[in-house]
Structure formats: C-alpha cells, structure tokens
Amino acid sequence: MSPAKAPHRRGATAVLLLPFLAFFTLVYLVPIGYAAYQSLFRTQRSGLGLAPPTTVFSGIDNYLKVLSDSAFLTGVGRVLLSGAVQVPLMLGFALLLALLLDSGAARFAKFFRLAYFLPYAIPGVIAAILWSFQYVKGISPLLDGLAALGIDAPLLKPGWVLASIGNIVTWSWTGYNMLVLYTALRAIPKELYQAAQLDGCGDLRIAWHIKIPLVRPALIMTGVFSIIGTLQLFNEPSVLKPIAAGSIDTGYTPSMLAYQAAFGANDYNIAATIAVVLALTTAVLSFTFLKLSQRGTTS
C-alpha cells in the first residue's frame, strides 16, 4: 500500500469504528463510571428524618460496608459454588452435543441443531416460569412420577433449590454454547481427519486428539461468558422466590441484593457499590481463568 493511501485507510477505519465506540461508551463505560461515582457517596438524613436528605462523600465506607456484609459474602459464595458445578457440566454437555452433531454418523443434523438451540431463544424469565411448574408438587408430572416410585425430591427446599436453579441455567444455555463449539468444529480442516483416518484413528481418537484440542479457544471463550453469567444470576431465583417457601431471600444472589438495596431500601449508593464490587470480582475471575487456560495451552 502506498504512503498516500495509508491516511485514507486509517480515516475510513476510524469512521467505521465510530458508531461502535459511541454505543460502547454510552451503554457500557458511562454506566460503569456513574456507578463508581455513586459508590463514593451516601445519603444522610437528620432531624428525625423530617429534614431533606443530603448526599455526602463517604470515600470507601460503602465498600467496607459491602465487603463486611454477611449477606453479600454468602450470596457471592453461593453463586461461585453453583458455577463451580454447573458451568463444567453445561460446557461438557454442550461439547458432547457438538461432537455428536459433527460426527460422520450424525443424521438430521440441522433439525437437532435447531432443537438444541431452541431453549436459548426462550427468555430467561419465561424459562424459569416454565420450569417452576416442574418444581411444585401437585402440578409437576416429574415430581408425581418420582412420588409414585417412592422418591421424595423437594426441589425448592434449601438443600435442593440451588441445583434446581442450575438446571434451568443449564437447560437455557447449553444450546448456545453447543452452537459456538459446533461452529468451531466446522472450521477445522477436513484434511486433518483424513490424515488421522489413514493412520488408523477411529472417531473417538479423532475427537479426543484433534477436535477437542482445536476447539479449546472456543471452550475458553464460553467458559468466560459462563463465569460472567453465573455472577450475574438474577432472573431464575427471582422467579422461583415466591414459590420456594423461604429457600430464596432477597439477598440470595449479589444481583438480587443490589436490586433490594436500590428498589427496596432506596439506597442507590450501596446498590452501586455492590455492582462495582461484583464487576471487579467478575473481571478478576475471568482474567484468572484466561491466564490459567493460556498456561495450559502453552505448556
């Protein structure tokens, strides 16, 4: 490319990137900055609450309050526990489905690809409502069938409800992750499979030694997205809360606690602080996961 054309190319690139950068700044950077700003203040009331409230600078007091709040720490621990079990199961199941669809013996691949992806097209709130009918005794054919076999499965009791929420998340997102992994599998050159078959490799060895290692970047990406989604868990427990018989409270997850602080207690500064701490936690965990994954790739 000639030197005369270089500035023109750079200008065209800047023009094409401008809409994305403007939208990204408006819906991502500005809200984060505003939340960080709000987290540094608190609303102060005096005169037995009769005087108008005033906003005063609090520094890191809100952060100390949130980080010492047992409800917040318990909620973070709860979603991390859920993610440690649910995310590997979901990604493993998604990888299995993608490998089955990509195998040479697969039939009606387009139909099953759409069928697996369909739960993702259902909004999370609707999915939680649909599954809630499977968790209530008397109207759930699943529970009625288990009861007929003498099995009691109180899916909305404290010891079960987290697994019930994880089931809804897995059902909703497995198809999405499967499609990402299936797309990565389709991008693998077919010559690699042919060379492996000439060396006497069967389908299982090809999947283990060629397909899975080559879709590792896609697995890492879906893993990061899943970590982010786990820490933001809100829809499913909120929908199940009215029928969970006390198993789910207003601070069951960090996002629910932030919602309660903002719209239940009208404490927007604490809600903003929870949001900032949650965002930082998500960034640290995602970065750590990426670094560990990259270390495994380069070793």
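Residues numbered from 1 in each chain as written. Predicted model: local features only at pLDDT ≥ 70, side-chain atom pairs only at ≥ 80, totals over all residues. Heavy atoms only, no water.

Undergrad: Explanation requested: the packing of aromatic side chains in the structure shown.
TA: What describes a pair of aromatic rings is the distance from one ring centre to the other and the angle between the planes of the rings. The tally for this structure, following the rule as stated, stands at 15 aromatic pairs. Between Phe 111 and Phe 112, the ring centres sit 5.2 Å apart and the planes meet at 75°, which makes this aromatic pair edge-to-face. Judged by relative accessible area, Phe 111 falls into the exposed class, the value being 55%. Overall, Phe 112 belongs to the partly exposed group, its relative accessible area being 31%. Taken together, the aromatic side chains of Phe 117, Tyr 120, Trp 173 and Tyr 176 make up a single cluster linked through ring pairs. (Phe/Tyr/Trp six-rings, centres within 6.5 Å; stacked < 30°, edge-to-face > 60°. Buried < 20%, exposed > 50% of the residue type's maximum accessible area, 1.4 Å probe, protein only.)

Undergrad: So what exactly am I meant to see when it comes to the layout of surface pockets here?
TA: The method is simple in principle: a probe with the dimensions of a water molecule rolls over the atoms, and the space it marks as empty is what remains. What the largest pocket holds in volume is close to 650 Å³. Taken together, 22 residues line the largest pocket, and the ones lying closest to its centre are Gln 232, Ala 275, Val 276, Leu 278 and Ala 279. Going through the elements one at a time, α1 (5–38), α12 (254–263) and α13 (268–298) are the ones with two or more residues in the lining of the largest pocket. Ranked by residue count, the leading element in the lining of the largest pocket is α13, at nine residues. Here the lining of the largest pocket is built from residues that sort into 18 nonpolar, four polar and no charged. The space that makes up the second largest pocket amounts to roughly 480 Å³. Residue lining of the second largest pocket: 24 residues in total, with Val 169, Trp 173, Gly 229, Thr 230 and Glu 236 positioned closest to the centre. (1 Å grid on protein atoms, 1.4 Å probe; cavity = no way out; pocket = protein on both sides within 12 Å on 5 of 7 lines; lining within 4 Å. Points joined across faces, edges and corners; volume = space filled by probe spheres on them. Helix = DSSP H or I, 4+ residues; strand = E, 2+ residues; numbered from the N terminus. Nonpolar A, V, L, I, M, F, W, Y, C, P; charged D, E, K, R; others polar.)

Undergrad: Would you mind showing me how to read helix α9 (residues 203–214) here?
TA: For an α-helix, 3.6 residues make a turn, and residues three or four places apart therefore share a direction. Counted at 1.5 Å a residue, the expected span for α9 with its 12 residues is 16 Å, and the 15 Å between its end C-alpha atoms agrees. Within α9, the full set of buried residues consists of Ile 206, Ala 207, Ile 210 and Lys 211. With its buried residues spanning 125° around the axis, α9 presents them on a single face. Every exposed residue of α9 that faces more than 90 degrees away from the buried side is listed here: Leu 204, Trp 208 and His 209. On the buried face of α9, the contacting elements are α3 (70–102), α7 (161–186) and α8 (190–198). (Expected span 1.5 Å × (residues − 1). Arc of directions from axis to C-beta. Contact = heavy atoms within 4.5 Å.)

Undergrad: Could you clarify how one ought to interpret the side chain of Thr 282 in this entry?
TA: Within the fold, Thr 282 resides in helix α13. What makes Thr 282 buried here is its relative accessible area of 9%. Within the structure, Thr 282 has its side chain in polar contact with the backbone oxygen of Leu 278 (distance 2.8 Å). In contact with Thr 282, other than residues within four places in its own chain, are Ile 228 and Leu 231. (Polar contact = N/O pair within 3.5 Å; in protein donor to acceptor, adjacent residues only side chain to side chain.)

Undergrad: Could you clarify how one ought to interpret the pattern of salt bridges in this entry?
TA: Here the idea is simple: oppositely charged side chains can pair when their charged atoms come close. Tallied over the full model, the rule gives three salt bridges. Notably, a salt bridge pairs Asp 102 with Arg 186, separated by 3.5 Å at the nearest N-O pair. Of this pair, Asp 102 sits in helix α3 while Arg 186 sits in helix α7, and the two are 84 residues apart along the sequence. Salt bridges here are not isolated pairs; linked through shared partners, they connect Asp 102, Arg 186 and Lys 211. (Salt bridge = Lys/Arg side-chain N within 4 Å of Asp/Glu carboxyl O.)

Undergrad: It is not clear to me how the nonpolar core should be interpreted in this structure. Could you clarify?
TA: Looking at soluble globular proteins, one finds that nonpolar side chains tend to be buried together. Counting 22 residues, the largest nonpolar core has Tyr 135, Val 161, Ile 165, Ile 168, Leu 240, Ile 248 and Tyr 252 as the members making the most contacts within it. Elements with a minimum of two residues in this core: α5 (124–135) and α7. Of all the elements, α7 adds the most residues to this core, at five residues. In this structure, Leu 240 is in contact with Ala 128, Ser 132, Tyr 135, Leu 156, Ile 165, Ile 168 and Ile 248, ignoring residues within four places of it in sequence. (Core = buried A, V, L, I, M, F, W, Y, C linked by side-chain atoms within 4.5 Å.)

Undergrad: What should I look at first to understand unusual backbone geometry in this one?
TA: Most peptide bonds adopt trans geometry, and most residues besides glycine take a negative phi value. With phi around 55°, Phe 108 is a residue other than glycine that occupies positive phi space. Position of Phe 108 among the secondary structure elements: in the loop between α3 and α4 (109–121). With a relative accessible area of 67%, Phe 108 lands in the exposed category.

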